[in-house]
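# Coordinate analysis (summary)
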Amino acid sequence: MPLAHPKPSRTWPWAPGTERGIGLYVHIPFCETKCPYCDFNTYSGIEALIPTYMAALRAETARWGDLLGHPRVRTVFFGGGTPSYVPGAEMTAIIAAYQSAFDVMQDAEVTLEANPGDVTVEKLATWLKAGVNRLSMGVQSFDDALLKMLGRRHTAQQAEIAYGMAREAGFTNMSLDLMFGLPEQTLAQWQESVERVVSLGSEHLSLYGLQLEHGTPLEAAVRTGRLPEPDQDLAADMYQFAVERLAAAGYLGYEISNWAKPGLESRHNLMYWRCESYLGLGPGAHSSMFGVRFADIKSPRGYVAAVRGMAGARPESGPPLTGRDIVFEMKAHGPVDFIEETTEPMARAEFLMMGLRLAEGIQESDFRTRFGAGLNESFAGVISGLTDDGLLKSDQQGIRLTPRGRLLGNEAFRRFVEAAEAAPPTDARI
Amino acid sequence: MKQSHIRNFCIIAHIDHGKSTLADRLIQVTGAVAARDMTEQHLDTMDLERERGITIKAQAIRLAYTAKDGQAYELNLIDTPGHVDFSYEVSRSLQACEGALLLVDATQGIQAQTLANIYLALEHNLTIIPIVNKVDMIAANPEGTAQEIIQAFGFKREEILTASGKTGAGVPEILEEIIARVGPPTGDAGAPLRALIFDSKYDPYKGVMAYVRVQDGAVRESDKVRLMGTGVDADVLEVGYFTPELRKAESLGVGQVGYVATGLKNVRDCRVGDTVTLSARQASAALAGYKPLKPMVFTGLYPVDGESYPALREALEKLQLNDAALQFEPESSAALGFGFRAGFLGLLHMDVVQERLEREFGMNLIATAPSVSYIVELTDGKEVTVDNPSKMPDPQKIGETREPWVNITVITPAKFIGPIMELVTGRRGVYVKMEYLQSTTRPEDGKTPGQNARVLLEYNIPLAEILVDFHDQLKSRTQGYASMDYALAGHQAGDLVKLDVLVNHEPVDALSLVLHRSNAQRQGRELASRLKALIPRQMFEVPIQAAIGGKIIARETIPAMRKDVLAKCYGGDITRKRKLLEKQAEGKKRMKRIGSVEVPQEAFMAVLRLDRD
Ligand SMILES: Nc1nc2c(ncn2[C@@H]2O[C@H](COP(=O)(O)OP(=O)(O)OP(=O)(O)O)[C@@H](O)[C@H]2O)c(=O)[nH]1
Ligand code: SF4
Ligand SMILES: [Mg+2]
């Protein structure tokens, strides 16, 4: 939604900026083939655009670095799309670009999403050398029939081989993705997949319940009855199985869909859940800082054009831009296409709905720091209602979802979002 | 037009026997509508009529006809609906006429509404011209049909015409016979104005439009008129006749049928059945109005959006102008808020009213299950009438509950007597009598009536038993051959109980039903299982129970929801997630609440709708 008035009448006082170090998200909108369940902003068949696109990405990176004053970067995440699909040299170049544009911390977490079908010894070596230190592989399932239904271009065996190659190459921090609640997926198939990832010993696991997104071929197949609708109770059983099995294997379920060996949580994703600052680069990539959320234009071609336009419109000399003016500048003369001012009620809603996804939940002290009031002052009704329904636990430290609440998270999020947006801003801080 | 050269007649018949189609031919032959403007069933002017292929409203049209005698005549034709639910339209039309064309489909013979309508016409002393219609059809049996008419109603063979509304055969003869047999109107042109309002409609510019037939005197533009029943005076903005669109005229005189634009904004000032006279020169006595109607079926009508309650009231009042059979009064429900209890002549009528409210007035409605009207004798001797099941008194206070019974007439080929008998007795019906429509011998075999001989069966049966799907059952058990008609036949005591539906232990008033004890178990189970299928799972387990006076007779459980959570965070697009949750929260706010159970509006409506199918 484009913004009518750049300056809000009332600004939420505590808006995270770049001081504490930001997260960097780099979007690679290319996939060899489009998976039928996927509604991400990614395309197949536009490979010819890769070199131009990667150049635009480097230009955007440099521009942000300049405008933001080369801030510190704590984490980097190459997502997509399929970052593993583009040539290794392109990855090396983009990494070099952000390293010169930003102050990347020594111990920064640098994750790259890889498709098991793309992994080669050469690519692995290139990534490692360039500075990637965490590999996230979309395995999705260890059942070949399900992999086929999901349109994945690898088999279970290939995934295991790719995983072994990555270990061999020297990746010591790895994450694997699995999907459950799929049409035709049985509990036994799921258990088998969980057992296989456990035996592989990946440091981190993401288990995603399938969401049938409107407009995807898989959704159409289910809607028209070509595939059975996944049973949500069965999906709950699958989730329950994973919760128990992974706990026994020494994983911490630190977020609704994510498990990690102690200390190996995804630091990048934690920044989203904790509503910290992050900058997204590339088409459709989302960012949050200075109390605004914003995103680049969605179309890769439109993005390339917008970044090209940026070169011709350097601001006239004068004092450097600060804070959200930088974002408005990138909207006026750059690829930013969407800006949403985060009002205080919105910020509260987002802080709650994101933070509650974490096992640690929302810390009373964090909430107070940001919003100047305690949780119980603002949400006593919602908290007691959810507690009565067995979805939430609250104590001196803060609030968090119960095991049952994790599976029914939307209900808790909805009630908090509704209450957060209905409550007046905490005037004390204004 | 000279009074002696006016002929007023209507077309009556069983449903689908070709009234509107024959009217088309009369319109064409007389040239009342230009060929390029002509449509099939031209007098079915409502969208709803055209979509359903049936006539719902009686519709008048004026025709100019030059007869074989060389003289010009004015014909006022009223096409009437054939379906039982709209028979009130027929009886009001009859009162505006001196003659009636009675059509009988030559492929079907006399049917139940043929009988009902001819009796109505005879009550009004109309000249009846019987016509065997659809003679062009291969399956037509014109001679057999004529014989049936002779035997059933005592007409002479030479009085019976034959025609085809499709080909136009016989139509010129019909016109001549109307001139010859139907008498001119008998009013007194010199007497003070008396015009009977047989229908009306609301026009945003011209106020209430009264559709009248002038009995005595005349009415013209800018006359000051008085409505004798309500005592309200009005200025006539315009008078005119039907083409079938409204066409302005100078005046309406004795016998003429047309409209009077009253400019009245208050719809309650003008009632169908009232008499219009001149304010300055008032008639001494009003015309006999219409017999008050007894609605057969009742339902609660509620606006989906509670704020539309005043709009619904206004819509009902305006619609009532154009549907004299509609009755309503305010009521309220814990589950549905404020609404109206409306009474109808049947389920089709109820359906049509709902659709008209939605289409013509933009209302969005929820209707409760149809109910009949019960008379409850309390233990203290008092009597109350209950047409809303949730208002049924406590069982302990009830001495006796009486339900309406109807007398039904079924016409069918003899071979289906068995299946019909079975259907009727299965629904608590009682046999009254049986008659053969034709003489007891058939020309073919000269002996006993054959399997195809047609009989008239009469039964008494509780009205509630024929409301839902009885007619469909009758049709399917007789391969579509049987037709039926019904008339109220008083109340009788029965073993009637109130079935309550409890969702999470809370009774839902809008779902209560009154029914015979023998049906309670089955209906209770059905309702509970439907609710189970339609109410989405909640955070907690929800029991659904059907109960009679506190005793649970059926039970289902909706298990608690187990999984509802968004999986993946798409990049850092938190806005999209938040908006999704906001939208869902907004949707939840609009849900109906039964205690702490949230039920989407659509599910609630689906439960109520299913109840009728
Ligand atoms: N073959 C043939 N079909 C006819 C004739 N008259 C009517 N029909 C058909 O019979 C059906 C019903 O005709 P309508 O004129 O609508 O009957 P109706 O009596 O006005 O029906 P309602 O007003 O609903 O009671 C239509 O499909 C007509 O086309 C006829 O003379 N011959
Ligand atoms: S590989 Fe990943 S991003 Fe690409 S289409 Fe498949 S699911 Fe979507
Ligand atoms: Mg008709």
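Refer to the structure above for everything that follows.
This is a predicted model, so every value here is computed, not measured.

### Description of the overall build of chain B
For chain B, the count of helices and strands is 14 helices and 33 strands. Residues counted as buried form 57% of the 613 residues belonging to chain B. Summarising the internal contacts of chain B: among those between residues at least 6 apart in sequence, 70% fall at separations of at least 24. Counting only carbon and sulfur atoms, one obtains 49% of the accessible surface of chain B, whose full area is about 25,500 Å². Where the 73 positive side-chain charges of chain B centre and where its 79 negative ones centre are 5 Å apart.

### Describing the overall build of chain A
When its secondary structure is counted, chain A shows 16 helices and 15 strands. Rg of the C-alpha trace for chain A: 22 Å, near the compact-globule value of 22 Å for 430 residues, within the 12% margin. Judged by the C-alpha coordinates and their principal axes, chain A covers about 65 × 55 × 45 Å. Looking at chain A residue by residue over its 430 residues, the buried ones come to 57%. Looking at charge distribution, chain A has the averaged site of its 40 positive side-chain charges lying 3 Å from that of its 52 negative ones.

### Overview of the sheet that holds strand E17 (residues 297–303) of chain B
All names here are of chain B. Taken together, four strands build an open sheet; the order of strands is E18-E19-E17-E20 and the sheet is antiparallel. Each edge of the sheet is formed by a strand with only one pairing partner; in this case those strands are strand E18 (327–333) and strand E20 (365–367). Each adjacent strand pair in this sheet contributes to an overall mean axis angle of 30°, direction not counted. The pairing of E18 with strand E19 (residues 337–344) spans seven bridges and is antiparallel.

### A closer look at the coordination of the magnesium ion (ligand 3)
Six octahedrally arranged donors around a metal ideally form angles of 90 or 180 degrees; four tetrahedrally arranged donors ideally form angles of 109.5 degrees. Residue and element names in this part refer to chain B. Distances from the magnesium ion (ligand 3) to its protein donors, Ser-20 (OG) and Thr-55 (OG1), fall at 1.9 to 2.0 Å. Of this pair, Ser-20 sits in helix H1 (residues 19–30) while Thr-55 sits in the loop between helix H2 (47–52) and strand E2 (59–66), and the two are 35 residues apart along the sequence. Overall, Thr-55 belongs to the buried group, its relative accessible area being 8%.

### Re the sheet that holds strand E15 (residues 398–401) of chain A
Residue and element names in this part refer to chain A. Strand order across the open sheet formed by three strands is E13-E15-E14, with antiparallel pairing between neighbours. Sheet topology places strand E13 (362–363) and strand E14 (392–394) at the edges, where each strand pairs with a single neighbour. Pairing geometry for E14 and E15, over three bridges, is antiparallel. Looking at the pairing, Ser-394 lines up with Ile-399 of E15.

### Side note on the site of ligand 1
Residue and element names in this part refer to chain B. Taken together, the neighbourhood of ligand 1 is formed by 18 residues, with Lys-19, Thr-21, Thr-55, Asp-136 and Gly-165 sitting nearest. Separating an oxygen atom of ligand 1 from a backbone N or O atom of His-17 is a distance of 3.3 Å. Separating an oxygen atom of ligand 1 from a backbone N or O atom of Gly-82 is a distance of 3.0 Å. A total of 640 Å² of accessible area belongs to ligand 1 in isolation, and the protein chains cover 83% of it. Considering every element that reaches the shell around ligand 1, the biggest residue donor is H1, with three residues. Across the shell around ligand 1, the residue classes break down as three nonpolar, 10 polar and five charged.

### Observations regarding the site of ligand 2
All residues in the neighbourhood of ligand 2 are listed as Cys-31, Thr-33, Lys-34, Cys-35, Tyr-37, Cys-38, Thr-42, Gly-81, Thr-82 and Arg-152 of chain A. Taken together, the residues of the shell around ligand 2 sort by class into four nonpolar, four polar and two charged.

### Things to note about the packing of aromatic side chains
If you walk through the whole model with that rule in mind, you get 23 aromatic pairs over all chains. Ring geometry for Phe-367 of chain A against Phe-379 of chain A: centres 6.0 Å apart, planes inclined by 75°, an arrangement best described as edge-to-face. Within this pair, whereas Phe-367 of chain A is found in helix H13 (residues 364–371), its partner Phe-379 of chain A is found in helix H14 (residues 375–388), the two being separated by 12 residues in sequence. Classification of Phe-367 of chain A by relative accessible area gives buried; the value is 0%. Given the relative accessible area of 1%, Phe-379 of chain A is considered buried. Considering the side-chain rings of Phe-379 of chain A and Phe-416 of chain A, the 5.6 Å spacing of their centres and the 75° angle between planes classify their relative orientation as edge-to-face. Residue Phe-379 of chain A is found in helix H14, and its partner Phe-416 of chain A is found in helix H16 (residues 409–422); the two are separated by 37 residues along the sequence. Put simply, the rings of Phe-351, Phe-367, Phe-371, Phe-379 and Phe-416 of chain A touch in pairs and so form one group of aromatic residues. Here the guanidinium or amino end of Arg-62 of chain B rests over the ring plane of Tyr-241 of chain B, the centre of that ring lying 3.9 Å away.

### Some remarks on the side chain of Glu-350 of chain A
Along the chain, the position of Glu-350 of chain A falls in helix H12 (residues 344–355). Engagement of the side chain of Glu-350 of chain A in a polar contact is seen with the side chain of Arg-293 of chain A, the distance being 2.6 Å. With residues up to four places along the chain from it excluded, the contact list for Glu-350 of chain A reads Cys-275, Arg-293, Glu-340, Thr-342 and Gly-355 of chain A together with Ile-574 and Arg-578 of chain B.

### Remarks on the interface of chain B and chain A
Contacts between the two partners involve 29 residues from chain B, matched on the other side by 42 residues from chain A. Counting the surface lost from both chain B and chain A, the interface buries some 3,500 Å², and carbon and sulfur atoms represent 54% of this. For the interface between chain B and chain A, the tally reads nine salt bridges. One salt bridge in this structure joins Glu-411 of chain A and Lys-588 of chain B, with 3.2 Å as the shortest N-O distance.

### Remarks on the pairing of strand E16 (residues 275–278) of chain B
All names here are of chain B. Side-chain alternation along E16 places Thr-275 and Thr-277 on one buried face and Val-276 and Leu-278 on a second face that is also buried. Pairing of strand E10 (residues 224–227) with E16, which is carried by three bridges, proceeds in the antiparallel orientation. In the strand pairing of E16, Arg-226 is matched with Thr-277.

### As for the pattern of salt bridges
Oppositely charged side chains are able to pair whenever their charged atoms sit close together. For the structure on display, the rule yields 71 salt bridges over all chains. A salt bridge links Arg-359 of chain B to Glu-355 of chain B; its shortest N-O distance comes to 3.0 Å. Pair noted here: Arg-359 of chain B and Glu-355 of chain B are both in helix H8 (residues 347–361), with a separation of four residues, about one helical turn. For Arg-359 of chain B, a relative accessible area of 40% gives the class partly exposed. Between Arg-428 of chain B and Glu-403 of chain B there is a salt bridge whose closest N-O contact spans 2.7 Å. Here Arg-428 of chain B is found in the loop between helix H9 (417–425) and strand E24 (430–436), whereas its partner Glu-403 of chain B is found in strand E23 (residues 398–413), with 25 residues between them in sequence. With respect to class, Arg-428 of chain B is no different from Glu-403 of chain B; both count as buried. Three or more residues are tied together by salt bridges with common partners; here these are Asp-389, Glu-411, Arg-414 and Arg-415 of chain A together with Asp-564, Lys-588, Arg-593 and Glu-598 of chain B.

### Points about unusual backbone geometry
The residue after Gly-80 of chain A, namely Gly-81 of chain A, is reached through a cis peptide bond having omega 15°. Counting through the fold element by element, Gly-81 of chain A comes out in the loop between strand E2 (72–80) and helix H2 (88–101). Cis rather than trans, the peptide bond between Thr-243 of chain B and Pro-244 of chain B has omega equal to 5°. Checked against the element boundaries, Pro-244 of chain B lands in the loop between strand E12 (238–242) and strand E13 (246–249).

### Overview of the packing of H16 of chain A against helix H13 (residues 574–589) of chain B
Relative orientation and spacing of two packed helices are given, respectively, by the angle between their axes and the distance between those axes. Taken N-terminus to C-terminus, the directions of H16 of chain A and H13 of chain B make an angle of 85°; their axes are 9 Å apart at the nearest point. Looking at the two axes, H16 of chain A sits roughly perpendicular to H13 of chain B. Between H16 of chain A, through Asn-410, Glu-411, Phe-413, Arg-414, Val-417, Glu-418 and Glu-421 of chain A, and H13 of chain B, the contact on the second element is made entirely by Arg-578, Leu-581, Glu-582, Gln-584, Ala-585, Lys-588 and Lys-589 of chain B. Taken together, the residues of the contact of H16 of chain A with H13 of chain B break down into four nonpolar, two polar and eight charged.

### What about the nonpolar core?
Where a protein is soluble and globular, its nonpolar side chains tend to be buried together. Counting residues in hydrophobic clusters, the biggest one holds 124 residues, and the most contacted among them are Trp-64, Phe-78, Phe-102, Leu-279 and Phe-416 of chain A. Looking at which element gives the most residues to this core, the answer is helix H1 (residues 50–68) of chain A, with eight residues. The contact partners of Phe-416 of chain A, leaving out residues within four places of it in the chain, are Leu-352, Leu-356, Phe-379, Val-382, Ile-383, Leu-386, Leu-392 and Ile-399 of chain A. In terms of nonpolar packing, the next biggest core, distinct from the first, is built from 50 residues, Phe-344, Phe-416, Leu-423 and Tyr-486 of chain B among them.

### A short note on helix H3 (residues 87–94) of chain B
Residue and element names in this part refer to chain B. With seven of eight residues buried, H3 lies mostly within the body of the structure. Among the residues of H3, those classed as buried are Tyr-88, Glu-89, Val-90, Ser-91, Arg-92, Ser-93 and Leu-94. For H3, the secondary structure elements touched by its buried residues are strand E1 (6–13), strand E3 (72–79), helix H4 (112–123) and strand E7 (194–203).

Criteria and cut-off values
- Residues numbered from 1 in each chain as written.
- Chains lettered and ligands numbered in written order.
- Predicted model: local features only at pLDDT ≥ 70, side-chain atom pairs only at ≥ 80, totals over all residues.
- Heavy atoms only, no water.
- Helix = DSSP H or I, 4+ residues; strand = E, 2+ residues; numbered from the N terminus.
- Buried < 20%, exposed > 50% of the residue type's maximum accessible area, 1.4 Å probe, protein only.
- Contact = heavy atoms within 4.5 Å.
- Areas by Shrake-Rupley, 256 points an atom, 1.4 Å probe, with all protein chains shown as cover.
- Lys, Arg positive; Asp, Glu negative; His and termini not counted.
- Charge placed at Lys NZ, Arg CZ, Asp CG, Glu CD.
- Rg over C-alpha atoms; globule rule 2.2 N^0.38 Å.
- Pairing = 2+ DSSP bridges.
- Axes fitted to C-alpha atoms, helices over the stretch in contact; angles between N-to-C directions.
- Donors = N, O, S within 2.8 Å, 3.2 Å for Na, K, Ca; no water.
- Near = heavy atom within 4 Å.
- Polar contact = N/O pair within 3.5 Å; in protein donor to acceptor, adjacent residues only side chain to side chain.
- Nonpolar A, V, L, I, M, F, W, Y, C, P; charged D, E, K, R; others polar.
- Phe/Tyr/Trp six-rings, centres within 6.5 Å; stacked < 30°, edge-to-face > 60°.
- Lys NZ or Arg CZ within 6 Å of the ring centre and 35° of its normal.
- Buried area = accessible area lost by both parts, 1.4 Å probe.
- Salt bridge = Lys/Arg side-chain N within 4 Å of Asp/Glu carboxyl O.
- Parallel < 35°, antiparallel > 145°, perpendicular 65-115°, else oblique.
- Core = buried A, V, L, I, M, F, W, Y, C linked by side-chain atoms within 4.5 Å.

Don't take any of this as a statement about function, it's just geometry.
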